[in-house]
Amino acid sequence: MRILILAAGLGTRLRPLTLQMPKPLVRVVDKTILELQMELANTIPEAHLHVNAHYFADKLTEAATALGFEKVWTEEPEILGTGGPLFRMNAEDPCDDLLVMNSDCYCKFDLKSFLRLARSSGAPCALLAVDNPAVNSISVKGGYMAGIQNRFGLRTKERVTFSGISWYSKRALQMIRESERDVREFWKRLCEMGMPPFIDDSQKHALWIDMGTPEGLMRASDFRRKELGVGNFGVSLENVANAKATVLMPGAEISAGVSLDHVILFPGAKTEENECVKNEIRGQDFAWKL
């Protein structure tokens, strides 16, 4: 099973942190976003892992190669969006079907169940959906896409959010056009042709966090600490007065007597002597108050 992790984006919602590294290489406690997505992808038997790269492509390529990815698809000189990589892959190295994963969600899904339902749906492609009332924008009718809010199609009572995980059959990969760099344009065309994408909402209440924002990154860090069974991570009590729910990355500077409460300190972060830091993500030349 070939799996493509989309990792070419600019990570604008996490700037200025992502001015130092691509978003997939941002660490969530002990592992990078890319590593966490790789672990999920490897729950599929005989997974063949591919990743695309554009922003900080050299750093991402180095990391993906070290992790054992089978291929890195570098996009130069311009980024290809979400649909462009599918067209390119089918043109240069076709496969029977493809699982696509975004590189910015912290989630706990049963991918084998999703693939089983997707392949038996009769649809050319399928989306794994979650229930996120604040942003539910995909309209669903009878288990299939009916439209996307403010873009096309119907507005139904049943609406869900795209999890960032999707499946494309060989037929779908052969149908997608080079111009459909925004994959939603491809979904729209499928709906107009009477072949709407299948929407799998059977796991809509599973853990899913958009890690592409400071708030989401903090939530993902909280869940990861709980998974690891630790209150703090990387914190030495040598200089710290007290610490609670704190993640300290290598390269952060801690002054004597600091008090830390629900904090992530990335490389380059600095604290003042006896400072109290609470509900904050701090790095080189930035601090996000949460």
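Look above for the structure.
Summary of the structure given here. (Residues numbered from 1 in each chain as written. Predicted model: local features only at pLDDT ≥ 70, side-chain atom pairs only at ≥ 80, totals over all residues. Heavy atoms only, no water.)

1. Examining the state of the cysteines
1) Next: All chains considered together, the criterion is met by 0 disulfides.
2) Next: No disulfide involves Cys 107; its nearest neighbouring cysteine sulfur is the one of Cys 105, lying 4.0 Å away.
3) Next: Classification of Cys 107 by relative accessible area gives buried; the value is 8%.
4) Next: Not engaged in a disulfide, the cysteine Cys 191 finds its nearest cysteine sulfur in Cys 125; these two sulfurs lie 8.6 Å apart. (Disulfide = S-S within 2.5 Å. Buried < 20%, exposed > 50% of the residue type's maximum accessible area, 1.4 Å probe, protein only.)

2. Quick look at the sheet that holds strand E15 (residues 240-248)
1) Next: With respect to topology, 4 strands assemble into an open sheet ordered E15-E16-E17-E18, the strand pairing being mixed. Two strands close off the open sheet at either side, each with one partner strand: E15 and strand E18 (286-289). Taking the axes of each pair of neighbouring strands and ignoring which way they run, one obtains an average angle of 30° across the sheet. (Pairing = 2+ DSSP bridges. Helix = DSSP H or I, 4+ residues; strand = E, 2+ residues; numbered from the N terminus. Axes fitted to C-alpha atoms, helices over the stretch in contact; angles between N-to-C directions.)

3. Brief notes about the packing of helix H1 (residues 33-41) against helix H2 (residues 57-67)
1) Next: Direction vectors running N to C along H1 and H2 enclose 40°, while the axes themselves pass 11 Å from each other. Between H1 and H2 lies a crossing of right-handed hand. For the pair H1 and H2, the contacting residues are Leu 34, Glu 35 and Met 38 in the first and Leu 60, Ala 64 and Leu 67 in the second.
2) Next: Partitioning the contact of H1 with H2 into residue classes produces 5 nonpolar, no polar and 1 charged. (Left-handed = near helix turned anticlockwise from the far one by under 90°. Contact = heavy atoms within 4.5 Å. Nonpolar A, V, L, I, M, F, W, Y, C, P; charged D, E, K, R; others polar.)

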